[in-house]
Structure formats: C-alpha cells, structure tokens
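What follows is the residue order along each chain.
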Amino acid sequence: MQPQIAVLILAAGSSSRMGVPKQLLPWKGTFLLNNAINNAIQLKHAKTYVVLGANYEKIKSAIKRDDIEMIYNKQWKNGLGSSIAFGVNHIKNKNQFDCVLIILADKPLIDTNYLSKLVGSFQIKKNQIIASNYGNKKVGVPALFDKSYLDELSNLDVDKGAKQIIEKHIEHVSVLNTKYQIADIDTKEDYEQLYKANHQ
C-alpha cells in the first residue's frame, strides 16, 4: 500500500548571511524555493506544504501556483525547530497522512529521484524514520517521519530542527547516502559556486 505523504518544505528563514532572500535566487530556469516545490509535487500520493516566515509577502507573490498550500509561521525568528513544529501542527490533525517528509528549500541538488528513494524505503506502521547521511556520522533532512512522531515534531521550539528526534529514536532510523546532493546555500559564495557547477 502506498503511504500518504505530507511534504513540508521549510523556507521561513531570513537569509541573514546571504543579504537577500535566498528562496528567490535563480536556479534552473526558476528559483530555489520553486525548484524544491517542483521536486516535491512529483511525488505520488503526496500533498505539499510550504512554511514561510521572513519576507512572506514577497516570496508568496512569487509563487504563482495552486497545487501547494503556503502557511505563515509568525514565530520564524525562533529558528528551524519552530518552523517544523508550526508546519507539523498544521497537518497533524489531517488524518489522511501516514508520514511527513521534511525538506529544506536551500538544498537544490536534492531532486525527485532522491526523495522517491526516501519514500520507497518507508513502510506504513513501522515507526520508521528515513534520514539523509551528511557524512562524518551526521544525519538529518531531507527526512521522512512516521506519523507516530508527529507529536514530538510539533513540540520542537528551538533551532535544532529534527536532529534531536532522529538521535532519540536512532534504533528506528534508516539512513540513505546523499553523496554530493546535500550541499546547501548559506552565503553568496556558496550560491555562486553551486550555481556555476550546475549551470553550463
């Protein structure tokens, strides 16, 4: 049986080190956030939610599509954990989902094929967490959580993301190797290097 998936794209940050909203930086004929959305919506049996915060109106107006739901975390300054909790609280009472897939908007090399591998490793009602290997024994998002973890995810309130929940339940965690795909964008230099390497 195919799992019903809530995809949560986190895009609420202010891009303080970048100086401009990195969600809107050009990428592959579109922009970073829309690239993440395009990858997410290709997953079968999935509904995509985008958590926005800083620069909400500007980013919202750039996303002209009706196949996702955008939600506004007014407490975005509290960090990544706050946005995860806000997004999960929004979806956890929607009983149709078997799991939640958490994605960051600033990892443009993560594609639909990789997300499909995460989903393909998931089995319903097995209390699974499918996480990504960062190397050096570090794991994190993109990660898929069985719905049994929704209460814990919805109570995050610090800037540690879901890592603490992954570590707490490590016996239920399966890890996929992302290889080079985990590269993220925090500074203009990060963006320029990654853009040049992937736009010939």
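Now for a look at the structure at hand. What you see as residue numbers is a count from 1 along each chain, following the sequence as written. In keeping with the predicted nature of the model, local features appear solely for residues at pLDDT of at least 70, side-chain atom pairs appear and are counted solely at 80 or more, and the whole-chain, interface and lining totals rest on all residues. Note that water and hydrogens are dropped before the side-chain values are worked out from all heavy atoms of the structure.

1. Let's talk about the sheet that holds strand β6 (residues 99-104)
Then, in step 1: Should DSSP find at least two bridges between two strands, the strands are taken to pair. Helix and strand definitions here come from DSSP, where helices need a minimum of 4 consecutive H or I residues and strands a minimum of 2 consecutive E residues; each element is numbered from the N-terminal end. Reading across the sheet, the seven strands line up as β5-β4-β1-β6-β8-β7-β9 and stay open at both edges, with mixed pairing between neighbours. At either margin of the open sheet sits one strand with a lone partner, and together these are β5 (69-72) and β9 (173-177). For this sheet the average axis-to-axis angle between neighbouring strands, irrespective of direction, equals 30 degrees.
Then, in step 2: Where strand β1 (residues 5-11) meets β6, six bridges bridge the pair, whose relative direction is parallel. Residue pairing across strands places alanine 6 opposite valine 100, the latter belonging to β6.
Then, in step 3: Across the face of the sheet, helix α1 (residues 32-40) comes into contact with β1, β4 (46-52) and β6 while running at roughly 170 degrees to β1. Lines are fitted to the C-alpha atoms to define the axes, a helix being fitted only along its stretch in contact, and any angle between axes, read from their N-to-C directions, falls within 0 to 180 degrees. In this description, contact between two residues means that some pair of their heavy atoms is separated by no more than 4.5 Å.

2. Focus on the packing of aromatic side chains
Then, in step 1: Geometry of aromatic contacts follows a simple scheme: Phe, Tyr and Trp rings, the Trp one being its six-membered ring, pair when their centres are within 6.5 Å, and the pair is stacked under 30 degrees between planes, edge-to-face over 60, tilted otherwise. Enumeration over the complete set of coordinates arrives at four aromatic pairs.
Then, in step 2: On the basis of an interplanar angle of 20 degrees and a centroid distance of 4.3 Å, the ring pair of tyrosine 56 and tyrosine 72 is categorised as stacked. Placement of tyrosine 56 in helix α2 (residues 56-62) and of tyrosine 72 in strand β5 is noted, with a sequence separation of 16 residues between them.
Then, in step 3: Since its relative accessible area comes to 16%, tyrosine 56 is described here as buried.
Then, in step 4: Considering the side-chain rings of tyrosine 191 and tyrosine 195, the 5.6 Å spacing of their centres and the 55 degrees angle between planes classify their relative orientation as tilted. Of this pair, tyrosine 191 and tyrosine 195 both sit in helix α7 (residues 188-198), separated by four residues, roughly a single helical turn.
Then, in step 5: A network of ring pairs unites the aromatic residues Trp27, Tyr191 and Tyr195 as a single cluster.
Then, in step 6: Note on criteria: charge over ring means Lys NZ or Arg CZ within 6 Å of the ring centre, with the direction from the centre no more than 35 degrees off the ring normal. Sitting above the plane of the tyrosine 49 ring, lysine 47 keeps its charged end 5.8 Å from the centroid. When accessible area is computed with a 1.4 Å probe and restricted to protein chains, residues below 20% of their type maximum are described as buried, those above 50% as exposed, and intermediate ones as partly exposed.

3. A short note on the pattern of salt bridges
Pairs can form between side chains of opposite charge whenever their charged atoms are close.
Then, in step 1: Every case where a carboxyl oxygen of Asp or Glu lies within 4 Å of a side-chain nitrogen of Lys or Arg is listed as a salt bridge. Enumeration over the complete set of coordinates arrives at seven salt bridges.
Then, in step 2: Salt-bridge contacts for aspartate 186 lead to lysine 22; the nearest nitrogen and oxygen are separated by 3.3 Å. One end of the pair, aspartate 186, is in the loop between β9 and α7; the other, lysine 22, is in the loop between β1 and β2 (26-27), and 164 residues separate them in sequence.
Then, in step 3: For aspartate 186, a relative accessible area of 22% corresponds to the partly exposed category.
Then, in step 4: Beyond isolated ion pairs, a larger network of salt bridges with shared partners links Arg17, Lys22, Asp106 and Asp186.

4. Side note on helix α4 (residues 112-120)
Then, in step 1: Burial in α4 covers these residues: Thr112, Tyr114, Leu115, Leu118 and Val119. Seen end-on, α4 carries its buried residues on one side only, within an arc spanning 160 degrees. Counted as exposed and oriented over 90 degrees from the buried face of α4: Asn113, Lys117 and Gly120.
Then, in step 2: Structurally, α4 contributes buried residues whose contacts are with β1, α1, β6, β7 (129-135), β8 (138-146) and β9. By arc we mean the arc of the directions from the helix axis to the C-beta atoms, nothing more.

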